[in-house]
Amino acid sequence: MPGEKRQAGAVLCLTNAPREVVDGRFDRQVPLAWTSSRVKRVVRSTLVAEAYSISEAMEHGQFLRQFLQELYKPANAKLKDVERLRASRPILAVTDSDNLKGTLNKDSGSVADIRLRIVVSMLRESVEAQENTALIWTRTEAMVADGLTKSLVDIAILIAFFVSKKFEISPPQRKRRAAKPTTADFIDKTIDHEGIGHHAEEINREWIGHHVRRINREWIGHHVRRINRE
(Lines give C-alpha, C1' and ligand atoms only; values in the text may rest on other atoms or scores of the structure.)
Protein backbone atom coordinates (compact mmCIF):
# COMPACT_ATOMS: atom_id res chain seq x y z
CA MET A 1 0.00 0.00 0.00
CA PRO A 2 1.21 3.56 -0.63
CA GLY A 3 2.96 5.09 2.35
CA GLU A 4 3.75 1.86 4.18
CA LYS A 5 7.26 0.86 5.21
CA ARG A 6 8.87 -1.97 3.29
CA GLN A 7 11.45 -4.63 4.10
CA ALA A 8 14.98 -4.42 2.73
CA GLY A 9 17.66 -7.09 2.77
CA ALA A 10 21.28 -7.35 1.69
CA VAL A 11 24.26 -9.69 2.02
CA LEU A 12 27.92 -8.76 1.84
CA CYS A 13 30.71 -11.13 0.88
CA LEU A 14 34.38 -11.17 -0.01
CA THR A 15 35.48 -12.89 -3.22
CA ASN A 16 37.99 -12.78 -6.06
CA ALA A 17 35.45 -14.16 -8.57
CA PRO A 18 32.30 -12.01 -8.27
CA ARG A 19 30.72 -13.11 -11.56
CA GLU A 20 31.04 -16.77 -10.62
CA VAL A 21 29.41 -16.09 -7.24
CA VAL A 22 26.44 -14.50 -9.02
CA ASP A 23 26.07 -17.75 -10.99
CA GLY A 24 25.92 -19.86 -7.80
CA ARG A 25 29.60 -20.55 -7.05
CA PHE A 26 29.19 -19.69 -3.38
CA ASP A 27 32.23 -21.82 -2.58
CA ARG A 28 34.27 -18.98 -4.11
CA GLN A 29 33.20 -16.41 -1.49
CA VAL A 30 33.25 -15.71 2.26
CA PRO A 31 30.10 -14.10 3.74
CA LEU A 32 30.92 -11.09 5.89
CA ALA A 33 27.64 -9.45 6.86
CA TRP A 34 23.92 -9.46 6.23
CA THR A 35 21.00 -7.21 7.07
CA SER A 36 17.21 -7.46 7.03
CA SER A 37 15.31 -4.42 8.23
CA ARG A 38 12.58 -1.95 7.46
CA VAL A 39 13.34 0.82 5.02
CA LYS A 40 13.93 3.87 7.19
CA ARG A 41 11.98 6.19 4.93
CA VAL A 42 8.33 5.99 3.97
CA VAL A 43 8.24 4.96 0.31
CA ARG A 44 5.47 5.00 -2.24
CA SER A 45 6.52 2.07 -4.40
CA THR A 46 8.64 -1.07 -4.48
CA LEU A 47 11.01 0.64 -6.92
CA VAL A 48 11.89 3.33 -4.37
CA ALA A 49 12.42 0.67 -1.68
CA GLU A 50 14.73 -1.27 -4.02
CA ALA A 51 16.68 1.92 -4.77
CA TYR A 52 17.19 2.72 -1.07
CA SER A 53 18.21 -0.87 -0.33
CA ILE A 54 20.80 -1.11 -3.10
CA SER A 55 22.12 2.35 -2.18
CA GLU A 56 22.80 1.26 1.40
CA ALA A 57 24.36 -2.00 0.21
CA MET A 58 26.77 -0.10 -2.04
CA GLU A 59 27.72 2.17 0.86
CA HIS A 60 28.60 -0.92 2.93
CA GLY A 61 30.69 -2.19 0.03
CA GLN A 62 32.58 1.08 -0.26
CA PHE A 63 33.28 1.08 3.48
CA LEU A 64 34.58 -2.50 3.30
CA ARG A 65 36.84 -1.64 0.35
CA GLN A 66 38.30 1.32 2.21
CA PHE A 67 38.81 -0.81 5.35
CA LEU A 68 40.62 -3.57 3.44
CA GLN A 69 42.85 -1.10 1.64
CA GLU A 70 43.89 0.53 4.91
CA LEU A 71 44.38 -2.90 6.50
CA TYR A 72 46.77 -4.09 3.79
CA LYS A 73 48.52 -0.80 3.15
CA PRO A 74 52.30 -0.66 3.52
CA ALA A 75 53.60 0.78 6.76
CA ASN A 76 54.96 3.93 5.10
CA ALA A 77 52.00 4.47 2.73
CA LYS A 78 50.36 7.89 2.66
CA LEU A 79 46.61 8.48 2.86
CA LYS A 80 46.41 9.74 -0.72
CA ASP A 81 48.03 6.49 -1.88
CA VAL A 82 45.39 4.49 -0.01
CA GLU A 83 42.64 6.54 -1.65
CA ARG A 84 44.19 6.01 -5.06
CA LEU A 85 44.75 2.26 -4.68
CA ARG A 86 41.37 1.36 -3.18
CA ALA A 87 39.81 1.31 -6.66
CA SER A 88 41.87 -1.79 -7.38
CA ARG A 89 39.33 -3.71 -5.30
CA PRO A 90 36.11 -3.98 -7.37
CA ILE A 91 32.58 -3.65 -6.02
CA LEU A 92 29.79 -5.57 -7.72
CA ALA A 93 26.24 -4.84 -6.57
CA VAL A 94 23.46 -7.20 -7.65
CA THR A 95 19.72 -6.51 -7.87
CA ASP A 96 16.76 -8.48 -9.19
CA SER A 97 14.81 -5.32 -10.01
CA ASP A 98 14.95 -4.92 -13.78
CA ASN A 99 12.92 -1.73 -13.40
CA LEU A 100 15.58 -0.21 -11.15
CA LYS A 101 18.38 -1.17 -13.53
CA GLY A 102 16.47 0.42 -16.42
CA THR A 103 15.70 3.57 -14.43
CA LEU A 104 19.37 3.96 -13.52
CA ASN A 105 20.26 4.11 -17.22
CA LYS A 106 17.72 6.88 -17.86
CA ASP A 107 17.99 10.59 -17.22
CA SER A 108 17.05 11.19 -13.57
CA GLY A 109 15.09 14.27 -14.66
CA SER A 110 12.55 12.00 -16.37
CA VAL A 111 11.65 10.34 -13.03
CA ALA A 112 8.45 11.82 -11.62
CA ASP A 113 9.00 10.84 -7.96
CA ILE A 114 11.33 13.41 -6.37
CA ARG A 115 12.66 11.00 -3.73
CA LEU A 116 13.36 8.34 -6.33
CA ARG A 117 15.07 10.94 -8.50
CA ILE A 118 17.45 11.77 -5.65
CA VAL A 119 18.25 8.12 -4.91
CA VAL A 120 18.78 7.34 -8.60
CA SER A 121 21.19 10.26 -8.86
CA MET A 122 23.08 8.96 -5.81
CA LEU A 123 23.29 5.46 -7.30
CA ARG A 124 24.46 6.76 -10.67
CA GLU A 125 27.14 8.82 -8.95
CA SER A 126 28.25 5.78 -6.93
CA VAL A 127 28.58 3.69 -10.07
CA GLU A 128 30.09 6.31 -12.38
CA ALA A 129 32.23 8.33 -9.96
CA GLN A 130 33.61 5.33 -8.07
CA GLU A 131 36.09 3.44 -10.20
CA ASN A 132 35.71 -0.31 -10.56
CA THR A 133 32.10 -0.25 -9.29
CA ALA A 134 29.20 -1.86 -11.14
CA LEU A 135 25.52 -2.68 -10.70
CA ILE A 136 24.11 -5.71 -12.51
CA TRP A 137 20.74 -7.44 -12.73
CA THR A 138 20.01 -11.09 -11.97
CA ARG A 139 16.91 -13.28 -11.97
CA THR A 140 14.85 -13.53 -8.78
CA GLU A 141 15.65 -17.27 -8.56
CA ALA A 142 19.35 -16.34 -8.26
CA MET A 143 18.86 -13.49 -5.77
CA VAL A 144 20.43 -14.50 -2.46
CA ALA A 145 18.93 -11.69 -0.38
CA ASP A 146 15.38 -12.49 -1.49
CA GLY A 147 14.92 -14.74 1.54
CA LEU A 148 15.66 -11.79 3.84
CA THR A 149 12.67 -9.78 2.68
CA LYS A 150 9.99 -12.36 1.87
CA SER A 151 8.57 -15.12 4.05
CA LEU A 152 7.13 -17.44 1.37
CA VAL A 153 10.30 -18.10 -0.62
CA ASP A 154 12.75 -20.97 -0.83
CA ILE A 155 15.72 -20.08 1.41
CA ALA A 156 17.92 -22.94 0.15
CA ILE A 157 20.00 -20.49 -1.87
CA LEU A 158 20.45 -18.27 1.21
CA ILE A 159 21.62 -21.20 3.33
CA ALA A 160 24.05 -22.31 0.62
CA PHE A 161 25.46 -18.79 0.53
CA PHE A 162 26.07 -18.64 4.28
CA VAL A 163 27.81 -22.04 4.36
CA SER A 164 29.85 -21.22 1.22
CA LYS A 165 28.44 -24.16 -0.69
CA LYS A 166 28.05 -24.35 -4.46
CA PHE A 167 24.40 -23.91 -5.47
CA GLU A 168 22.74 -25.04 -8.69
CA ILE A 169 20.53 -22.22 -9.94
CA SER A 170 17.64 -23.41 -12.06
CA PRO A 171 17.74 -22.19 -15.68
CA PRO A 172 15.15 -19.62 -16.74
CA GLN A 173 11.87 -21.12 -17.90
CA ARG A 174 10.78 -20.19 -21.38
CA LYS A 175 7.14 -19.42 -22.01
CA ARG A 176 5.58 -21.87 -24.39
CA ARG A 177 4.02 -20.32 -27.45
CA ALA A 178 1.14 -21.85 -29.33
CA ALA A 179 2.48 -23.83 -32.27
CA LYS A 180 1.76 -22.31 -35.65
CA PRO A 181 -0.39 -24.50 -37.93
CA THR A 182 1.67 -26.31 -40.52
CA THR A 183 0.82 -27.03 -44.14
CA ALA A 184 0.06 -30.64 -43.20
CA ASP A 185 -2.44 -29.48 -40.56
CA PHE A 186 -4.12 -27.24 -43.12
CA ILE A 187 -4.40 -30.09 -45.63
CA ASP A 188 -5.81 -32.44 -42.98
CA LYS A 189 -8.42 -29.88 -41.95
CA THR A 190 -9.30 -29.23 -45.59
CA ILE A 191 -9.68 -32.94 -46.31
CA ASP A 192 -11.81 -33.40 -43.19
CA HIS A 193 -13.99 -30.45 -44.15
CA GLU A 194 -14.41 -31.58 -47.76
CA GLY A 195 -14.95 -35.18 -46.67
CA ILE A 196 -17.71 -34.16 -44.28
CA GLY A 197 -19.30 -31.96 -46.94
CA HIS A 198 -19.10 -34.77 -49.51
CA HIS A 199 -20.79 -37.26 -47.19
CA ALA A 200 -23.41 -34.72 -46.17
CA GLU A 201 -24.30 -34.08 -49.81
CA GLU A 202 -24.40 -37.82 -50.49
CA ILE A 203 -26.76 -38.39 -47.54
CA ASN A 204 -29.00 -35.53 -48.70
CA ARG A 205 -29.24 -36.94 -52.20
CA GLU A 206 -30.09 -40.41 -50.87
CA TRP A 207 -32.68 -38.98 -48.48
CA ILE A 208 -34.32 -36.87 -51.23
CA GLY A 209 -34.25 -39.76 -53.72
CA HIS A 210 -35.83 -42.10 -51.17
CA HIS A 211 -38.69 -39.74 -50.45
CA VAL A 212 -39.24 -38.94 -54.15
CA ARG A 213 -39.56 -42.65 -54.95
CA ARG A 214 -41.87 -43.09 -51.99
CA ILE A 215 -44.09 -40.20 -53.13
CA ASN A 216 -44.16 -41.57 -56.67
CA ARG A 217 -45.21 -45.01 -55.46
CA GLU A 218 -47.94 -43.54 -53.31
CA TRP A 219 -49.16 -41.28 -56.13
CA ILE A 220 -49.23 -44.15 -58.68
CA GLY A 221 -50.94 -46.47 -56.22
CA HIS A 222 -53.54 -43.84 -55.42
CA HIS A 223 -54.41 -43.27 -59.10
CA VAL A 224 -54.44 -47.02 -59.86
CA ARG A 225 -56.98 -47.58 -57.10
CA ARG A 226 -59.06 -44.65 -58.36
CA ILE A 227 -59.10 -46.00 -61.90
CA ASN A 228 -60.13 -49.45 -60.65
CA ARG A 229 -63.00 -48.00 -58.69
CA GLU A 230 -64.17 -46.05 -61.71
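Residues numbered from 1 in each chain as written. Predicted model: local features only at pLDDT ≥ 70, side-chain atom pairs only at ≥ 80, totals over all residues. Heavy atoms only, no water.

Draft legend 1. Spotlight on the pattern of salt bridges. Under the criterion given, the structure shown has four salt bridges. A salt bridge links arginine 28 to glutamate 20; the nearest nitrogen and oxygen atoms lie 2.7 Å apart. A salt bridge links glutamate 141 to arginine 139; the shortest N-O distance between them is 3.2 Å. Relative accessible area serves as the criterion here: at 46%, glutamate 141 is assigned to the partly exposed category. (Salt bridge = Lys/Arg side-chain N within 4 Å of Asp/Glu carboxyl O. Buried < 20%, exposed > 50% of the residue type's maximum accessible area, 1.4 Å probe, protein only.)

Draft legend 2. Layout of the layout of surface pockets. What the largest pocket holds in volume is close to 1100 Å³. The wall of the largest pocket is formed by 43 residues, among which Val11, Ala57, Leu92, Ala93 and Val94 lie closest to the centre. Of all the elements in the fold, those that place two or more residues in the lining of the largest pocket are β1 (7-15), α1 (18-22), α2 (46-71) and β3 (91-95). Here the lining of the largest pocket takes eleven residues from α2, the largest share from any one element. Residue composition of the lining of the largest pocket, by class: 26 nonpolar, ten polar and seven charged. (1 Å grid on protein atoms, 1.4 Å probe; cavity = no way out; pocket = protein on both sides within 12 Å on 5 of 7 lines; lining within 4 Å. Points joined across faces, edges and corners; volume = space filled by probe spheres on them. Helix = DSSP H or I, 4+ residues; strand = E, 2+ residues; numbered from the N terminus. Nonpolar A, V, L, I, M, F, W, Y, C, P; charged D, E, K, R; others polar.)

Draft legend 3. Summary view of unusual backbone geometry. Unusually for a residue other than glycine, serine 164 sits at a positive phi of about 55 degrees. By secondary structure assignment, the location of serine 164 is in the loop between α6 (156-162) and α7 (183-229).

Draft legend 4. Region of the structure containing a nonpolar patch on the surface. The grouping of Trp34, Ile155, Ile159, Phe162 and Val163 at the surface amounts to a nonpolar patch, some 500 Å² of accessible area in total. Relative to the elements of secondary structure, isoleucine 159 occurs in helix α6. (Patch = residues over 30% accessible without salt bridge, like charges linked within 9 Å, V, L, I, M, F, W, Y side chains within 5 Å. Areas by Shrake-Rupley, 256 points an atom, 1.4 Å probe, with all protein chains shown as cover.)

Draft legend 5. Examining the packing of α2 against helix α5 (residues 114-129) more closely. In the contact formed by α2 and α5, the axes pass within 10 Å of each other and the chain directions differ by 30 degrees. The angle between α2 and α5 falls in the class roughly parallel. Crossing hand, α2 versus α5: left-handed. When α2 is examined against α5, the residues Leu47, Val48, Ala51, Tyr52, Ile54, Ser55, Met58, Glu59 and Gln62 are found in contact with a partner set consisting of Arg115, Leu116, Val119, Met122, Leu123, Ser126 and Val127. By residue class, the composition of the contact of α2 with α5 is eleven nonpolar, three polar and two charged. (Axes fitted to C-alpha atoms, helices over the stretch in contact; angles between N-to-C directions. Parallel < 35°, antiparallel > 145°, perpendicular 65-115°, else oblique. Left-handed = near helix turned anticlockwise from the far one by under 90°. Contact = heavy atoms within 4.5 Å.)

Draft legend 6. Inspection of α5 at higher detail. Over its 16 residues, α5 runs 22 Å from end to end, which matches the ideal 22 Å to within 8%, given 1.5 Å per residue. When α5 is considered as a whole, its buried residues turn out to be Leu116, Val119, Val120, Leu123, Arg124 and Ser126. Summarising the axial view, the buried residues of α5 lie within an arc of 160 degrees, below the 170-degree limit, and thus occupy one face. Facing away from the buried side of α5 by over 90 degrees, the exposed positions are Ile114, Glu125, Glu128 and Ala129. (Expected span 1.5 Å × (residues − 1). Arc of directions from axis to C-beta.)

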